[in-house]
Amino acid sequence: MKSPGGVLQGRVALITGGGRGIGKGIAIRIAEAGADVIIGDIDRDSAEQTAKELGANYERAVALQVDVTKKESIDAVVRKVLKEFSTIDILINNAGIMFRTRILDISPEEWENTLLVNLTGPFLFSQAVIPLMKKSGYGRIVNISSSAGRSVSTLGGAHYTATKAGLLGFTRAVAKEVASFGITVNAVCPGLIDTQMARDSTSKEELEMFIHSFPIKRLGLPEEIGDLVVFLSSEKASYITGASFDINAGGLMI
Ligand SMILES: NC(=O)c1ccc[n+]([C@@H]2O[C@H](COP(=O)([O-])OP(=O)(O)OC[C@H]3O[C@@H](n4cnc5c(N)ncnc54)[C@H](O)[C@@H]3O)[C@@H](O)[C@H]2O)c1
């Protein structure tokens, strides 16, 4: 339930891929912290369902269909948001896709598609909202990378690891450029989180084997990623930028 005077009270947050999984967990925690929430997802039904759940319990929650790989789609969403809200204070670049294909079998199309969603999407969305954040003098961008970006993916192929590592470089470069405008840019690197992406990509037995290898012997929950994202999106994190945060059951300690 909403906590009156939450740390994100009065803020407007947009979460890409917020219809399900980690994005939904982040949206729930951000809404609990008092922000208005825009759920941007290519899957209209899940976005609407999540927005409905949030709107019933917290501040305003709106669902907008968006394809993060397309500039026109992002621009249209930003225009719609500005009709209803005055700005976008918080952008969570969470939408992502993963394929397990091994290097010799990755088609150029699959490579390109993975880059488009996981890396071009955060680029296009950041480019669309930074001018708004500059104008208001406050901004928080949180990019959802992965343990894959810090080391190598447990499940995903070379394209997945390449995009998640690329997103960390992108995070640092943009953080450096926009810091003087009151905008911070950070990355969160989850390990294995209990979502459809994780469950669709592996068998029950394989999942159990991974869990057994972690110091904390369970999958992470989407809302646990949300807790960290809320902190990074708040005033309290104003001295943190260009950083990457591991949240992975101790599965990767570097
Ligand atoms: N689940 C894990 O174990 C795990 C671990 C590390 C990092 N991550 C990252 O976290 C993020 C979320 O993963 P998840 O497990 O919740 O995945 P998921 O597949 O359950 O959810 C992804 C969401 O993104 C949306 N999406 C996909 N393509 C899109 C596009 N082009 N435009 C807009 N929305 C689009 C989907 O519709 C879906 O709602 C991803 O970036 C993923 O790489 C996941």
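Reading guide: rules and limits
Residues numbered from 1 in each chain as written. Predicted model: local features only at pLDDT ≥ 70, side-chain atom pairs only at ≥ 80, totals over all residues. Helix = DSSP H or I, 4+ residues; strand = E, 2+ residues; numbered from the N terminus. Contact = placed C-beta atoms within 7 Å. Expected span 1.5 Å × (residues − 1). Buried ≥ 20, exposed ≤ 12 C-beta atoms within 10 Å, placed from the backbone. Arc of directions from axis to C-beta. Near = placed C-beta within 6 Å. Nonpolar A, V, L, I, M, F, W, Y, C, P; charged D, E, K, R; others polar. Pairing = 2+ DSSP bridges. Axes fitted to C-alpha atoms, helices over the stretch in contact; angles between N-to-C directions.

Turning our eyes to something else, we now look at the environment of T114. Along the polypeptide, T114 turns up in helix α4 (residues 108–136). Sequence separation between T114 and T69 is 45 residues; the distance between their C-alpha atoms is 9.9 Å. Discounting residues that sit within four places of it in the chain, T114 has contacts with I97, F99, H159, Y160 and T163.

Relative to the 20 Å expected for 14 residues at 1.5 Å per residue, helix α2 (residues 44–57) spans 20 Å between its end C-alpha atoms, a close match to the ideal helical length. All of the buried residues in α2 are S46, A47, T50, A51 and L54. Mapping the buried residues of α2 onto a view down its axis gives an arc of 130°, with all of them on the same face. More than 90 degrees from the buried face of α2, the exposed residues found are D45, K52 and A56. Considering only its buried residues, α2 is in contact with α1 (21–32), β2 (36–41) and β3 (61–65).

Below, the discussion takes up the site of the ligand. Around the ligand, the surrounding shell holds 30 residues, and the nearest of these are G17, G21, G96, T195 and M197. At the level of secondary structure, the elements contributing two or more residues to the shell around the ligand comprise α1 and α7 (196–200). Partitioned by chemical class, the residues of the shell around the ligand number 14 nonpolar, twelve polar and four charged.

The strand order across the open sheet formed by seven strands is β3-β2-β1-β4-β5-β6-β7, and the pairing between neighbours is parallel. Two strands close off the open sheet at either side, each with one partner strand: β3 and β7 (244–247). Averaged over all pairs of adjacent strands, the angle between strand axes in this sheet comes to 20°, irrespective of strand direction. The pairing of strand β1 (residues 12–16) with strand β4 (residues 90–93) spans three bridges and is classified as parallel. In the strand pairing of β4, A13 is matched with I90. Packed onto the sheet, helix α3 (residues 71–84) meets β1, β2 and β3 and runs at close to 155° relative to β3. The sheet strands contacting helix α6 (residues 158–178) are β5 (139–144), β6 (183–190) and β7, and the helix crosses β6 at an angle near 165°.

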